[in-house]
Amino acid sequence: MTLSPPQDGLPTRQRYMAIVTIALGLTMAVLDGAIANVALPTISRELNASPAQSIWIVNAYQIAIIVSLLSLSFLGDMLGYRRVYQAGLALFIATSLFCAFSTTLTMLTFARVLQGLGGAALMSVNTALIRIIYPQRYLGRGMAINSLVVAVSTAAGPTVAAAILSVASWKWLFLINVPLGAISLWLALRTLPDNPQKATSQKFDVPSAIMNALFFGLIISALSGFAQGQNHLLVLSEVVALLVIGWFFIRRQLNMAVPLLPVDLLRIPIFSLSMGTSVCSFCAQMLAMVSLPFFLQNVLQRNEVATGLLLTPWPLATMVFAPIAGRLIERVHAGLLGGIGLAMFALGLFLLAWLPVNPDDGDIIWRMMLCGAGFGLFQSPNNHTIVTSAPRNRSGGASGMLGTARLLGQSMGAALVALMFNLFDERGTHVSLLLAGSFAAVAALVSVSRMTQTRA
């Protein structure tokens, strides 16, 4: 059954059901990027793997997503966002079962690669679908829901994992996706609309897809290797390969009418500025999210339970402010709104770095809330601008770039935390927070500069 959307969005009831399936799918895909972290010691023991080897359970998923995201968004423009999303959801459910019943580390790592491909399909077209689902005048509200799901899922991963592990084995971290995924797939088959127009004239370029995978895979590998102090010759060889492949890849894309890496969209000033803002902001967020637990436990001497509770105000504040931002975007320029949010985010991060020597919980909580409120105020307008500044038939490319910016920013942030720990030892957490604040401040300046551009 193919549902064709009306000229401007879906009817209200169908719209609500469609956004539920997107929210469920995106929640699972984002959560599974971090939910296994908490269980790595247990999984490594049960599967007779070393702690270092078990890291591949996390890395395999993230790498699979980032190397396939743009290829799948390109297919969405060609074949339909609805079809790519439904296929990704089905694959994600099946591979979650595969993960749960894996008996060796190799088997689980392979299952996580396949699960990452399913997650990439969900992430690659979700915002393109929202652009079809919502009437233009309410699109900001749809983007706010999307931003809220991503922000809260990213921040809540360890908490959700701890809750599941308190009552069940690590296998349920993956099995929980099966009933949730089945509900989402049932809704997706009945409510998601088809593209109003498809780029049927364009062809999928296999060499571009291979170069894209190598290009982004090498970026993540080189960043992680450098940050973790791997052999310098190996890291240097990865950088050289990255530059060579990147040169041929970009050159090929510039000569294509509809490129896989949408360099044509990057020629739109407000699009490229919004992408830069997104990368910097997610880098700042990940710098904070990875370093804060160490800061709270090792520096401020809070226990694990207290750490989880003290981190909770961040996603709660985001939950409050993301919908507010979704409504404000209808009246306030996204550059100004994003700049204000990022300035609040930067201030919160600097204030966390400059906490008193013996702060009470209240000192920490209001700073966490300031960070979460600022991030929630920024993300919805920024995503709205990225998606709407692209032509409608290139919404898949814009959606893929949005996801790529987020993952690149998060990968950079995680790598920088490792680097700060290696360079500054016990001061690494403090320096990471200062660096996070600096990235957020730069993002705020870039966001405000968009006010000179035509509003999308």
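Residues numbered from 1 in each chain as written. Predicted model: local features only at pLDDT ≥ 70, side-chain atom pairs only at ≥ 80, totals over all residues. Heavy atoms only, no water.

## What to know about the overall build of the protein chain
As a reminder of what qualifies: Segments assigned H or I by DSSP are reported as helices when at least four residues long, segments assigned E as strands when at least two residues long, and all are numbered from the N terminus. Here the globule rule is a power law, 2.2 Å times the number of residues to the power 0.38, and the radius of gyration is based on C-alpha atoms. For each residue, the accessible area found with a 1.4 Å probe, counting protein chains only, is set against the maximum for its type, and the residue is called buried under 20%, exposed over 50%, and partly exposed in between. In what follows, a contact means two residues having at least one pair of non-hydrogen atoms within 4.5 Å. Throughout, the Shrake-Rupley method with a 1.4 Å probe supplies accessible areas, and for residues the shown protein chains are the sole cover considered. Positive charges are assigned to Lys and Arg, negative charges to Asp and Glu, while His and the chain termini are left out of the count. To locate a charge, take NZ of a lysine, CZ of an arginine, CG of an aspartate or CD of a glutamate.
When helices and strands are counted, the protein chain shows 19 helices and zero strands. A compact globule built from 456 residues would reach a C-alpha radius of gyration of about 23 Å, and the protein chain, at 21 Å, matches this within 12%. Taking the principal axes of the C-alpha coordinates as reference, the protein chain spans close to 60 × 50 × 45 Å. Counting every position in the protein chain, which comprises 456 residues, the buried fraction comes to 57%. At a minimum sequence separation of 6, the contacts of the protein chain that also span at least 24 residues come to 84%. Surface summary for the protein chain: the accessible area is close to 18,200 Å², and the carbon and sulfur share equals 68%. Of the charged side chains in the protein chain, 26 are positive and 15 negative; the average position of the first set lies 13 Å away from that of the second.

## A word on helix 10 (residues 206-227)
What counts, and what does not: Take the number of residues in a helix, subtract one, and multiply by 1.5 Å to get its expected span.
Taking 1.5 Å of rise per residue, 22 residues should cover 32 Å, and helix 10 covers 32 Å from first to last C-alpha, within 8% of that figure. Two residues or fewer after helix 10 comes Gly-229, characterised by a positive phi angle close to 75 degrees.

## Some thoughts on the packing of aromatic side chains
Inclusion rule: A pair of aromatic rings is counted whenever rings of Phe, Tyr or Trp (Trp by its six-membered ring) have centres within 6.5 Å, and the orientation is called stacked for planes under 30 degrees apart, edge-to-face for over 60 and tilted otherwise.
For the coordinates displayed, the defined rule picks out 11 aromatic pairs. The interplanar angle of 85 degrees and the centroid separation of 6.2 Å between the aromatic rings of Trp-170 and Phe-174 together place this pair among those described as edge-to-face. Taking the relative accessible area as the measure of exposure, Phe-174 reaches 0% and is therefore buried. Members of the aromatic cluster, each reached through a chain of ring pairs, are Phe-282, Trp-314, Phe-345, Phe-375 and Phe-378.

## So, the confidence of the model for the protein chain
Here is the rule we go by: As a per-residue quantity, pLDDT reports the predictor's confidence and falls between 0 and 100.
For the protein chain, the mean per-residue pLDDT works out to 84, and 93% of the residues sit at or above 70. Mean pLDDT values over the elements of the protein chain span from 66, in helix 3 (residues 51-54), up to 94, in helix 5 (residues 81-100).

## Let's talk about the state of the cysteines
Condition: By definition, disulfides here are pairs of cysteine sulfur atoms that lie within 2.5 Å.
Going through the model one piece at a time under the given rule, you end up with zero disulfides. Just so you know, Cys-371 is unpaired, no disulfide at all, and the nearest cysteine sulfur is the one on Cys-283, 15 Å from it.

## Points about helix 6 (residues 105-133)
Since the α-helix turns once every 3.6 residues, residues separated by three or four places project in the same direction. Rules: Note on bend: at a given residue it equals the angle between the axes fitted to the 7 residues ending there and to the 7 starting there.
In a regular helix each residue adds 1.5 Å, so 29 residues correspond to 42 Å; helix 6 covers 41 Å between its end C-alpha atoms and thus fits that length. Taking the largest bend as the criterion, helix 6 deviates by roughly 40 degrees, centred on Asn-126. In terms of burial, helix 6 is a largely internal element, 23 of the 29 residues being buried.

## As for the nonpolar core
Going by this rule: We call a set of buried Ala, Val, Leu, Ile, Met, Phe, Trp, Tyr and Cys residues a nonpolar core when their side-chain atoms join them within 4.5 Å.
Core analysis: the largest hydrophobic core is formed by 62 residues, its most contacted members being Tyr-85, Leu-129, Ile-133, Leu-192 and Phe-216. The biggest single contributor to this core is helix 6, with 10 residues. Those residues in contact with Leu-129, other than ones at most four positions away along the chain, are Ile-22, Tyr-81, Arg-82, Tyr-85, Leu-192 and Pro-193. Ranked by size, the runner-up nonpolar core spans 40 residues in total, among them Cys-283, Ile-364, Met-368 and Ala-444.

## Section: the pattern of salt bridges
Stated formally: What makes a salt bridge here is a side-chain nitrogen of Lys or Arg within 4 Å of a carboxyl oxygen of Asp or Glu, nothing more.
Overall, the coordinates contain three salt bridges when judged by the stated rule. Between Asp-32 and Arg-112 there is a salt bridge, and its shortest N-O distance comes to 3.9 Å. Of this pair, Asp-32 sits in the loop between helix 1 (12-31) and helix 2 (40-46) while Arg-112 is found in helix 6, placing the two residues 80 residues apart along the sequence. In this structure Arg-112 comes out as buried when scored by relative accessible area, which is 0%. Here Asp-361 and Arg-302 are joined by a salt bridge, their closest N and O atoms 3.1 Å apart. With Asp-361 in helix 17 (residues 361-388) and Arg-302 in the loop between helix 13 (269-299) and helix 14 (304-311), this residue pair connects regions lying 59 residues apart in the sequence.

## Re the environment of Ile-365
One can find Ile-365 in helix 17. For Ile-365, a relative accessible area of 30% translates into the label partly exposed. Ignoring any residue separated from it by four or fewer positions in sequence, one finds Ile-365 in contact with Leu-310 and Pro-313.

## Observations concerning a nonpolar patch on the surface
For clarity, the threshold we go by: In this scheme, patches are assembled from residues that exceed 30% relative accessible area and form no salt bridge. Like charges are connected within 9 Å, while nonpolar side chains (Val, Leu, Ile, Met, Phe, Trp, Tyr) are connected within 5 Å.
Taken together, the side chains of Leu-233, Leu-236, Val-239, Val-240, Leu-243, Val-244, Trp-247 and Phe-248 define a hydrophobic patch exposed on the protein surface, amounting to about 800 Å² of accessible area. Residue class for Leu-243 comes out exposed when judged on its relative accessible area of 57%.

## Looking at the side chain of Arg-131
Rules: Think of a polar contact as two N or O atoms within 3.5 Å of one another; within protein, one of them needs to be a possible hydrogen donor and the other a possible acceptor, and neighboring residues in sequence only count if both atoms come from side chains.
Summarising the element assignment, Arg-131 is placed in helix 6. At 8.6 Å, Asp-77 is the nearest oppositely charged side chain to Arg-131, a buried residue that forms no salt bridge. Among the polar contacts made by the side chain of Arg-131, one reaches the main-chain carbonyl oxygen of Val-387 at a distance of 2.9 Å. Leaving out residues up to four positions away in the same chain, Arg-131 has contacts with Leu-139, Val-387, Thr-388, Ala-390, Pro-391, Arg-392 and Ser-395.

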